[in-house]
Amino acid sequence: MRKINGIIICLILFSSTVLCGELTVQPATASSGETINLKYIPDGRYFLGEDISAQVYTFQANEPQAAAYEFPLKFDTKEQNYINSFTVPENVVYLIIKISNGTVIDNNRDEFW
């Protein structure tokens, strides 16, 4: 299965400042059909344990519109972070991720993940 071009840029480990939380994506590169694991450590904009979700936008070659997916992140009380996983759909060239509680959006200072 071929590696997704450009996903390396979108799926990096990012250590943040006060302006955004920290999202870890494992593995850092993934192919279509593979599962990526998300771990989000919120900044001060969210209360620990509140309901937040990941919004993933996937892009395919020669397709002008992105496909959008949203799913809840589960709060891990022991680790004090949020986790979940996402399976990369077929034929995806790259994807971007943002985190939201429905009101406040963390999109890595408009850089997305």
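Rules of the game
Residues numbered from 1 in each chain as written. Predicted model: local features only at pLDDT ≥ 70, side-chain atom pairs only at ≥ 80, totals over all residues. Heavy atoms only, no water. Helix = DSSP H or I, 4+ residues; strand = E, 2+ residues; numbered from the N terminus. Buried < 20%, exposed > 50% of the residue type's maximum accessible area, 1.4 Å probe, protein only. Polar contact = N/O pair within 3.5 Å; in protein donor to acceptor, adjacent residues only side chain to side chain. Contact = heavy atoms within 4.5 Å. pLDDT = per-residue confidence, 0-100. Pairing = 2+ DSSP bridges. Core = buried A, V, L, I, M, F, W, Y, C linked by side-chain atoms within 4.5 Å.

J.: Help me understand the side chain of asparagine 84 in this model?
T.: Within the fold, asparagine 84 resides in strand S5 (residues 81–87). Take asparagine 84: its relative accessible area is 17%, and that puts it in the buried class. Of the polar contacts made by the side chain of asparagine 84, one reaches the backbone oxygen of proline 72; its length is 2.6 Å. If we skip the residues at most four places from it in the chain, asparagine 84 touches Ile36, Asn37, Leu38, Phe71, Pro72, Leu73 and Lys74.

J.: Just to check I follow, could you spell out unusual backbone geometry for this structure?
T.: Glycine aside, negative phi is the norm for most residues, and most peptide bonds take the trans geometry. Glutamine 26 connects to proline 27 through a cis peptide bond whose omega is -5°. Here proline 27 lies in the loop between strand S1 (22–26) and strand S2 (35–41). The phi torsion at glutamine 80 lies on the positive side, around 60°, for a residue other than glycine. Positive phi outside glycine occurs at asparagine 91, with the angle close to 65°. For asparagine 91, the position within the fold is in the loop between S5 and strand S6 (92–100). Residue classification places asparagine 91 among the partly exposed residues on the basis of a relative accessible area of 47%.

J.: Help me understand the confidence of the model for the protein in this model?
T.: In low-pLDDT regions, the fine details of the predicted coordinates are not to be read closely. Overall, the predicted model of the protein reaches an average pLDDT of 78, with 73% of residues at or above 70. Within the model, pLDDT remains below 50 along residues 5–18, and this stretch shows 39 contacts once partners closer than five positions in the same chain are excluded.

J.: Is there a simple way to think about the sheet that holds S2 in this case?
T.: Note: strands within a sheet are paired through backbone hydrogen bonds, in either parallel or antiparallel orientation. The strand order S1-S2-S5-S4-S3-S6-S7 describes an open sheet built from seven strands, whose pairing is antiparallel. Looking at which strands have only one partner, the edges of the open sheet turn out to be S1 and strand S7 (105–106). Pairing of S2 with S5 involves six bridges; the strand directions are antiparallel. The residue bridging lysine 39 from the neighbouring strand is isoleucine 83, located in S5.

J.: Any chance you could explain the nonpolar core here in plain terms?
T.: Side chains of a nonpolar character, in soluble globular proteins, are inclined to be buried together. Ranked by internal contacts, the top residues of the largest apolar core, which has 18 residues, are Leu38, Leu73, Ile97 and Ile99. Per-element tally for this core: the top contributor is S6, with four residues.

J.: Sorry, what's going on with the environment of glutamate 79 here?
T.: With respect to the element layout, glutamate 79 can be found in the loop between strand S4 (67–76) and S5. Spatially, the C-alpha atoms of glutamate 79 and isoleucine 41 are 9.4 Å apart, while their sequence positions differ by 38 residues.

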